[in-house]
Amino acid sequence: AILIDRVIGLLALFCLAVGLSLFIPIPIIYKYFVWLLMPLSVIVYYFVIKRFFGHFITILFKTLGQSLLVQLSQVVSAIFILASIQTFDQTLEYIFVFLISSIVAAMPITIGGIGSREVTFLFGAQIMHLEITNSIALSLLFYIITATVSLFGIIYSIKTERLK
């Protein structure tokens, strides 16, 4: 169940990134492929879940919808972070790189995604012609905010009896 939860989060991130790529300046030939990637990825995911984890198939689209909402809330927080660092140009491009970096950070390459997200932002900023310092700032601020908020979860992990 945890693996499926992780993969459906990645699927939601992927679908958001693919959908957003339609609105950023990329060569038109790639935009044709984008229209195929989103439904194809959902169909492949559906059949893989059906084949190997059939008992989860009934909640597949409900969890995908919930995951999309969670990922959209992260996008909103990234937009607020961009506004807080006075970055108002190329917002869609920054968000696209943010979504790609979130996919990379979810992979078990580093602890908590630190480092991999920043490297993705560095290369993404160069490719998308974004301000590198703003890109790295977005990445680090998002990580710091997420880590700080997550620390409060320790209270629920340690003091479970007292919270009841």
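**Student:** Give a detailed account of the overall build of the protein chain, specifying residues and quantitative values.
**Tutor:** Summing up its helical and strand segments, the protein chain has eight helices and zero strands in all. Per-residue burial over the protein chain gives 34% buried out of 164 residues. Taking all contacts inside the protein chain whose residues are at least 6 apart in sequence as the whole, residues at least 24 apart take part in 60%. For the protein chain, the exposed surface amounts to about 10500 Å²; the carbon and sulfur share of it is 74%. Measuring between centres, the 9 positive side-chain charges of the protein chain sit 17 Å from its 6 negative side-chain charges.

**Student:** Can you lay out helix α2 (residues 28-52) for me, pointing to particular residues and giving the numbers?
**Tutor:** Its 25 residues place the ends of α2 37 Å apart at the C-alpha level, agreeing with the 36 Å of an ideal helix rising 1.5 Å per residue. At Leu37, α2 shows its strongest bend, of approximately 25 degrees, with the proline Pro39 following within four residues. Of the positions making up α2, those classed as buried are Lys31, Val34, Ser41, Val42, Tyr45 and Ile49. Next to the buried residues of α2 lie α1 (2-21) and α3 (60-84).

**Student:** Lay out the confidence of the model for the protein chain in plain terms, naming residues and giving numbers.
**Tutor:** On average, residues of the protein chain score 88 in pLDDT, and 95% of them are at 70 or above. Highest mean pLDDT in the protein chain belongs to α3 (95); lowest belongs to helix α8 (residues 160-163) (62).

**Student:** Quick one: what's the story with the nonpolar core, residue by residue and with numbers?
**Tutor:** Core analysis: the largest hydrophobic core is formed by 22 residues, its most contacted members being Ile95, Phe96, Phe98, Leu99, Met128, Leu130 and Leu138. Sorting the residues of this core by element identifies α1, α3, α4 (91-106), α5 (116-128) and α6 (132-151) as the ones contributing at least two each. Of all the elements, α4 adds the most residues to this core, at seven residues. Beyond its immediate sequence surroundings of up to four residues, Phe96 is in contact with Ala17, Leu20, Ser21, Ile24 and Met128. Formed by 10 residues, the second largest nonpolar core is a distinct cluster that contains Val42, Tyr45, Ile49 and Leu64.

**Student:** Could you give me a rundown of the side chain of Ser135, with the residues and numbers involved?
**Tutor:** With respect to the helices and strands, the residue Ser135 is situated in helix α6. By relative accessible area, which is 0% here, Ser135 ends up buried. Apart from the residues lying within four places of it in its own chain, the contact partners of Ser135 are Tyr94, Phe121, Ala125 and Leu130.

**Student:** If you had to explain a nonpolar patch on the surface to someone new, which residues and values would you point to?
**Tutor:** On the surface, a cluster of nonpolar side chains totalling about 710 Å² of accessible area is made up of Ile28, Ile29, Tyr30, Tyr32, Phe33 and Leu36. Mapped onto the elements of the fold, Ile28 is located in helix α2.

**Student:** Describe unusual backbone geometry, with residues and values.
**Tutor:** A positive phi is found at Gln90, a non-glycine position, where the angle reads about 55 degrees. Its location among the elements puts Gln90 in the loop between α3 and α4. Unlike most non-glycine residues, His129 shows phi in positive territory, near 60 degrees. With respect to the element layout, His129 can be found in the loop between α5 and α6. A relative accessible area of 66% means that His129 is categorised as exposed.

Conventions used here
Residues numbered from 1 in each chain as written. Predicted model: local features only at pLDDT ≥ 70, side-chain atom pairs only at ≥ 80, totals over all residues. Heavy atoms only, no water. Helix = DSSP H or I, 4+ residues; strand = E, 2+ residues; numbered from the N terminus. Buried < 20%, exposed > 50% of the residue type's maximum accessible area, 1.4 Å probe, protein only. Contact = heavy atoms within 4.5 Å. Areas by Shrake-Rupley, 256 points an atom, 1.4 Å probe, with all protein chains shown as cover. Lys, Arg positive; Asp, Glu negative; His and termini not counted. Charge placed at Lys NZ, Arg CZ, Asp CG, Glu CD. Expected span 1.5 Å × (residues − 1). Bend = angle between axes of the 7 residues up to and from the residue. pLDDT = per-residue confidence, 0-100. Core = buried A, V, L, I, M, F, W, Y, C linked by side-chain atoms within 4.5 Å. Patch = residues over 30% accessible without salt bridge, like charges linked within 9 Å, V, L, I, M, F, W, Y side chains within 5 Å. Salt bridge = Lys/Arg side-chain N within 4 Å of Asp/Glu carboxyl O.

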